[in-house]
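# Structural characterization, general
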Amino acid sequence: MERADRRRELVGWLLVAPSLLFMAFFFAVPIGAFLLRSVDNTDLVGAMPRTMAEIGGWNGQDLPDESLFMALGEDFTALPDITAAASLGRRLNHNLTGYRSLVMRTFTGLRRHEGPLGREALIAIDKRWSDPAHWRVIQQERSWLTPLYLLASLDLERGPEGIRTIPPERRLFVDLLVRTAWISIAVTLLCLVLGFPLAYVMASSGPRLSSWMLVLVLLPFWTSLLVRTTAWIVLLQRNGLVNQVLERLGLIDAPLTLIYNRLGVYIAMTHVLLPFLVLPLYSVMKGVGGDLTRAAAGLGAPPSTVFRRVYLPQVMPGIIAGCSLVFVLALGYYITPALVGGPRDQMIAHFIAYFTSTSVNWGMAASLAGILLLMVVVLYAALARLVGLDRLKAR
Amino acid sequence: MKNRMTPALLSVIGVLAFGLADRVYAGETLRIVNNGGAVAEASREAWYEPFAAERGVEIVEDNWSQEYARLRTQVETGNLQWDVVEITLNHMSLACNEGYIEQVDWSEHLDPADFADAGGVTDCAVPIMSVVGGLAYDGDVFSDNPPKSWADFWDVETWPGKRGLLFRASTLEIALMADGVPPDQIIATLSTPEGIDRAFAKLEEIRDHIHWWRSGAESVQILATGEVAMAYVWNGRVATMNKTENRNFRYAFEAGFVLGNQYLAVMAGTSERELAIDFITYASSAEPLARFSNRMRYGPPNKQALEFVDPELLKTLPSEYMDKAYIQGGEAYIQFWIDNLESLTQRLATWAAQ
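Just so you know, these numbers come straight off a predicted model, no measurement behind them.

## Concerning the overall build of chain A
- For chain A, the helix and strand inventory stands at 20 helices and two strands.
- Against the globule reference of 21 Å for 395 residues, chain A gives a C-alpha radius of gyration of 30 Å, more extended than a compact globule.
- The principal-axis extent of the C-alpha atoms belonging to chain A is close to 100 × 85 × 35 Å.
- Buried residues in chain A amount to 42% of all 395 residues.
- Taking the contacts inside chain A whose residues are at least 6 apart along the sequence as the reference set, 69% of them involve residues at least 24 apart.
- As displayed, chain A offers around 21100 Å² of accessible surface, 66% of which is attributable to carbon and sulfur atoms.
- Between the mean site of the 36 positive side-chain charges and the mean site of the 27 negative ones, chain A shows a separation of 14 Å.

Following this line, the structure appears as structure tokens:
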């Protein structure tokens, strides 16, 4: 009996093994590897092995001694090619602006240089090597793991006396996280306010009408996100349809600013995400029979009490599923705010894309992505705690 | 059953054969990346098709928006998708310095003196269009009292409406110009922390009135729809819009303007180095370059091309205001942007989003 059970269990595991393996290789491993980049410092430490070994002994104040200069010179001459020097320069430039040209000039200077590689030679190529600040960066970054990007994602940096906040003109990411969460909450609430009555009407009307309404909800759902967003630009722009109609009707004198601001983002994102709330909610409402509400009303409960104490608890799984779906999708929104928002309405995904493709700083991209992932996990855990994990699954 | 299968089978075979035939085509291929849109069309007409026909090669196009990462990752992974790349001055300097594009002795292929007036060929690249960036407005809107200076651009009381600016770090140069810094002092000023703060303080003055644009098409579109009252716009876009859409966009060149080049360069490590050099030599030579200029409405950086250029085009260029020009280029300019492109791009992005 026990053996049969164990065998059945084994067969079960074998049956899901391919999908588990698939998940591991194509989901967990790449995401994990990318997230590791947020603390990875091997590019730097690996490129300067001799300097990194020596620099721990330096006091951080005076000009380093000859052996450290020699180590740096040897590390530079050992770089395989100019692109290796370029990535080293780019990496150090994340810590201190100006390092990029210092590294490139040193690399090309040493190629032409003959004789010893020590202090005199390096300072002759670029006098910035006589500035301890440049050496302190290397000293600070001598470990295989670096907190640089994670700190920067929280508007922090390492100073001489420990971790401190960065100057206000460079602060952004804490605000950005709050903004991202806030826009997502607002869009979720807007979707709920608009979607709940819609789903209710769909669920309670006759089959013909409800299937037509379902088509109307699904039609935009099947349309490309870009098309829907650009349609809003046409409608909301300064001389767009909405402003023209309002002006013709004499309701406004000058065109309203409806787009390239937060309002535009709310309108477009709510429209795009509405089906994700309506569809799960509709399926739950469809399964709720009228018996209980009729019974409650028959026993003398006023309509508001029937709604609050009898109907709402029954459709709660649909509300939670729809809202969490919309919220999680909204957290990662990128194209819609980019097209209909102003620069102050961009969300965190915009900066992840910026660090991935424009500024090529994958450490920053990975830390911001990690923080976003953490937000989703925390939200999920909080919801699970609040309502129980099994209720999160839509029926 | 058998009968029903036959057409399906045939079509599968057909597709396979077509795919194979495509592979079998043995001629040389040159892969070129450009800035897309109107540039792609003009490049195709003026350069790609004639060159492909003349040399019996196939040209494969791609486009990019100067995302440096795409250039860099191709070279670093050794998985090249491009042989020739169209690139702006800032990125060209950086890529040439960091070894992502090939160093070429262009004097073996063309006469560098022809390009000297427009900034010249560099260690890596040849200029193919001289882009003027200036203060543009709709002449039909501001017919009585047109803006004449960058101070007017900043004056949102007298000239209400939004202002279009390019969302790139180089816009800090415009901010300093508007703050009264003479063109030859701009890079020196930006090189100090106080100068950078000064540029951002200038942008702060009109922060809520700025509409940032990211592509040339967007810059004229916001001007055309009235979304902005004035904008910093590249001249080819304005000339094209006036010509094809019959608009009356005008420039206040007397306010001062920016002059910078676009370049063609050879990807580092490409197996088609010689063909790529031949293509760039061809594209930058008098007649093909003039064809391209006439189509794009940008000035040709090769003076030999001038005689083939549409006289109407020359009239749109700010030739009589050259004393007001801020010319992007030179050793100090290039060194500055190599070090600061990344940090200032990030600071601008941060500032705008704050």
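## Digging into the packing of aromatic side chains
- What the rule picks out here adds up to 33 aromatic pairs over all chains.
- Judged by centre distance (5.9 Å) and plane angle (45 degrees), the ring pair of B:Y48 and B:F279 falls under tilted. Linking B:Y48 in helix 2 (residues 38-55) with B:F279 in helix 11 (residues 273-283), this pair joins segments that are 231 residues apart in sequence.
- B:F279 sits in the buried class, given a relative accessible area of 0%.
- Between B:R72 and the ring centre of A:W362, over which it is positioned, the NZ or CZ distance is 6.0 Å.
- Against the face of B:F153 rests B:R163, its NZ or CZ located 5.8 Å from the ring centre.

## Some words on the packing of helix 12 (residues 225-236) of chain A against helix 13 (residues 241-248) of chain A
Residues and elements named next belong to chain A.
- Following both chains from N to C, one finds helix 12 and helix 13 inclined at 25 degrees, their axes separated by 4 Å at the closest point. With respect to helix 13, the axis of helix 12 lies roughly parallel. For the pair formed by helix 12 and helix 13, the contact residues are V234, L235 and L236 on the first element and L241, V242 and N243 on the second.
- Residues belonging to the contact of helix 12 with helix 13 are distributed by class as follows: five nonpolar, one polar and no charged.

## Some remarks on a nonpolar patch on the surface
Residues and elements named next belong to chain A.
- A cluster of nonpolar residues, M23, F27, I31, L373 and V377, forms a patch on the protein surface that exposes about 460 Å² of accessible area.
- For the nonpolar patch, the secondary structure elements donating two or more residues are helix 1 (2-36) and helix 19 (362-387).
- Examining the composition of the nonpolar patch, we find that three residues originate from one element, helix 1, more than from any other.
- Along the chain, the position of F27 falls in helix 1.
- Assessed through its relative accessible area of 49%, F27 is described here as partly exposed.

## What about the UniProt feature "transmembrane region" (unreviewed entry) in chain A?
- The feature "transmembrane region" (unreviewed entry), as given by UniProt, occupies residues 12-36, 181-201, 213-235, 263-284, 315-335 and 364-387 of chain A in the numbering adopted here.
- Helix makes up 100% of residues 181-201 of chain A and strand makes up 0%, while its end C-alpha atoms are separated by 30 Å.

## Regarding the domain arrangement of chain B
Residues and elements named next belong to chain B.
- With domains assigned, chain B is organised as domain 1 (27-130 + 260-325) and domain 2 (133-259).
- Distance between the C-alpha centres of domain 1 and domain 2: 26 Å.
- Contacts between the two partners involve 14 residues from domain 1, matched on the other side by 15 residues from domain 2.
- Taken together, the two surfaces of domain 1 and domain 2 that pack against each other cover about 1400 Å², and 62% of this comes from carbon and sulfur.
- On the domain 1 side of the interface with domain 2, the three residues burying the most area are R297, Y298 and K324, jointly 34% of the side's total.
- For the pair domain 1 and domain 2, the number of links is one residue pair in polar contact (both at pLDDT 80 or more).
- In the side of domain 1 that touches domain 2, the residues fall into eight nonpolar, four polar and two charged.

## Some details on unusual backbone geometry
- Of note in this structure, A:Y260 is not a glycine but carries a positive phi near 65 degrees.
- In this fold, A:Y260 is placed in the loop between helix 13 and helix 14 (262-287).
- In this structure, B:Q66 is a non-glycine residue whose phi angle is positive, near 60 degrees.
- Tracing the chain through its elements places B:Q66 in the loop between strand 2 (58-63) and helix 3 (68-77).

## Comments concerning the UniProt feature "domain: ABC transmembrane type-1" (unreviewed entry) in chain A
- Here, UniProt's "domain: ABC transmembrane type-1" (unreviewed entry) annotation points to residues 177-383 of chain A.
- Annotated as 80% helix and 0% strand, the span residues 177-383 of chain A places its first and last C-alpha atoms 19 Å apart.

Basis of the calculations
Residues numbered from 1 in each chain as written. Chains lettered and ligands numbered in written order. Predicted model: local features only at pLDDT ≥ 70, side-chain atom pairs only at ≥ 80, totals over all residues. Heavy atoms only, no water. Helix = DSSP H or I, 4+ residues; strand = E, 2+ residues; numbered from the N terminus. Rg over C-alpha atoms; globule rule 2.2 N^0.38 Å. Buried < 20%, exposed > 50% of the residue type's maximum accessible area, 1.4 Å probe, protein only. Contact = heavy atoms within 4.5 Å. Areas by Shrake-Rupley, 256 points an atom, 1.4 Å probe, with all protein chains shown as cover. Lys, Arg positive; Asp, Glu negative; His and termini not counted. Charge placed at Lys NZ, Arg CZ, Asp CG, Glu CD. Phe/Tyr/Trp six-rings, centres within 6.5 Å; stacked < 30°, edge-to-face > 60°. Lys NZ or Arg CZ within 6 Å of the ring centre and 35° of its normal. Axes fitted to C-alpha atoms, helices over the stretch in contact; angles between N-to-C directions. Parallel < 35°, antiparallel > 145°, perpendicular 65-115°, else oblique. Nonpolar A, V, L, I, M, F, W, Y, C, P; charged D, E, K, R; others polar. Patch = residues over 30% accessible without salt bridge, like charges linked within 9 Å, V, L, I, M, F, W, Y side chains within 5 Å. Salt bridge = Lys/Arg side-chain N within 4 Å of Asp/Glu carboxyl O. UniProt positions renumbered as here; feature names shortened; annotations may be inferred. Domains from an automatic or database assignment. Buried area = accessible area lost by both parts, 1.4 Å probe. Polar contact = N/O pair within 3.5 Å; in protein donor to acceptor, adjacent residues only side chain to side chain.

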